[in-house]
Amino acid sequence: MWGKTAFWLLIILFILFYPMLVSIYVTLPLFIGFAGYLMLQGIEGKGWRYVLFPLLYLLNLEINLSLPMLLTLLAVLIYSMFFYPAVLFLKRCRVCVALISVLAIDLLYFGLILGYDFIFDTRSIEVNSLLLYSLTMDLIAAVLL
């Protein structure tokens, strides 16, 4: 009883406080693709927690980093509608599906945010080696799942 409660409490604390830490310590990875992949797992039927918790995490991340609202959700939805069915032929290799999904969601999000910056003449993110580090940590988290 207490073990399960403590686990969900840690998940909720992570959702609430990790985006704040990312805004302070810029070397922490964003886990956008990983959260998007968990959301896809929830949509496939793993449970409502797999949809709700990543959604809250992504919204909290966007608010704390002053990123365009709901752009991460748009990236996940575009991926799930157009690309995810084509990746499902690798169903037996769960790690391959996770890696391809996380990589595609991250690249799609970065493409969308660069397009947003171009259209509205803003600078939401700066493309540098920290984004590559964040992508690498995202992929490692997908493998460990």
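Higher on the page you've got the structure.
A few points on the structure.

Thresholds applied
- Residues numbered from 1 in each chain as written.
- Predicted model: local features only at pLDDT ≥ 70, side-chain atom pairs only at ≥ 80, totals over all residues.
- Heavy atoms only, no water.
- Helix = DSSP H or I, 4+ residues; strand = E, 2+ residues; numbered from the N terminus.
- Rg over C-alpha atoms; globule rule 2.2 N^0.38 Å.
- Buried < 20%, exposed > 50% of the residue type's maximum accessible area, 1.4 Å probe, protein only.
- Contact = heavy atoms within 4.5 Å.
- Areas by Shrake-Rupley, 256 points an atom, 1.4 Å probe, with all protein chains shown as cover.
- Lys, Arg positive; Asp, Glu negative; His and termini not counted.
- Charge placed at Lys NZ, Arg CZ, Asp CG, Glu CD.
- Core = buried A, V, L, I, M, F, W, Y, C linked by side-chain atoms within 4.5 Å.
- Axes fitted to C-alpha atoms, helices over the stretch in contact; angles between N-to-C directions.
- Parallel < 35°, antiparallel > 145°, perpendicular 65-115°, else oblique.
- Left-handed = near helix turned anticlockwise from the far one by under 90°.
- Nonpolar A, V, L, I, M, F, W, Y, C, P; charged D, E, K, R; others polar.
- Disulfide = S-S within 2.5 Å.
- Expected span 1.5 Å × (residues − 1).
- Bend = angle between axes of the 7 residues up to and from the residue.
- Patch = residues over 30% accessible without salt bridge, like charges linked within 9 Å, V, L, I, M, F, W, Y side chains within 5 Å.
- Salt bridge = Lys/Arg side-chain N within 4 Å of Asp/Glu carboxyl O.

## Here we look at the overall build of the protein
And then number 1: Counting its regular elements, the protein contains 6 helices and 0 strands.
And then number 2: Starting at the N terminus and ending at the C terminus, the protein contains elements arranged as α-α-α-α-α-α.
And then number 3: The C-alpha atoms of the protein give 15 Å as radius of gyration, which agrees with the globular expectation for 145 residues (15 Å, within 12%).
And then number 4: Every one of the 145 residues in the protein was classed for burial, and the buried ones make up 36%.
And then number 5: Of all intrachain contacts in the protein linking residues separated by at least 6 positions in sequence, the fraction that spans at least 24 positions is 67%.
And then number 6: Per element, the accessible surface of the protein, about 8,800 Å² overall, is 75% carbon and sulfur.
And then number 7: Here the protein holds 7 positive side-chain charges and 7 negative ones, and the gap between their average locations is 21 Å.

## With respect to the nonpolar core
And then number 1: If you look at the biggest cluster of nonpolar residues, it comprises 34 residues, and the most contacted ones within it are Tyr57 and Tyr109.
And then number 2: Elements represented by at least two residues in this core include exactly helix H1 (2-24), helix H2 (32-46), helix H3 (49-64), helix H4 (71-87), helix H5 (94-120) and helix H6 (129-144).
And then number 3: Every residue in contact with Tyr109, bar those within four places of it in the chain, is listed here: Ile32, Leu67, Leu71, Thr72 and Ala75.

## Some thoughts on the packing of H2 against H4
And then number 1: Relative to each other, H2 and H4 sit at 55 degrees, their axes nearing to 10 Å. The angle between the axes of H2 and H4 places the two elements in the oblique class. For the pair H2 and H4, the crossing hand works out as right-handed. Residues Ile32, Gly36, Met39, Leu40, Gln41 and Glu44 of H2 form the contact with H4, whose participating residues are Thr72, Leu73, Val76, Tyr79, Ser80 and Tyr84.
And then number 2: Here the residues of the contact of H2 with H4 are counted per class, giving 7 nonpolar, 4 polar and 1 charged.

## Here we look at the state of the cysteines
And then number 1: Applying the stated criterion across every chain, the model contains 1 disulfide.
And then number 2: Here Cys93 is linked by a disulfide to Cys96, with a sulfur-sulfur distance of 2.1 Å. The S-S bond linking Cys93 to Cys96 shows a torsion near 60 degrees; that makes this disulfide right-handed.
And then number 3: By relative accessible area, Cys96 is classed as partly exposed at 30%.

## What to know about H1
And then number 1: Compared with an ideal rise of 1.5 Å per residue, which puts 23 residues at 33 Å, H1 spans 32 Å between its outermost C-alpha atoms and is within 8% of the ideal.
And then number 2: The largest bend in H1 is about 35 degrees, located at Phe17, with the proline Pro19 one to four residues further on.
And then number 3: Turning to H1, its buried residues are Ile15, Tyr18, Pro19 and Val22.
And then number 4: On its buried side, H1 packs onto H3.

## Some points on a nonpolar patch on the surface
And then number 1: Together, Leu9, Leu10, Ile12, Leu13, Leu16, Phe17 and Met20 make up an exposed nonpolar region whose accessible area comes to about 630 Å².
And then number 2: With respect to the helices and strands, the residue Ile12 is situated in helix H1.
And then number 3: Given the relative accessible area of 37%, Ile12 is considered partly exposed.

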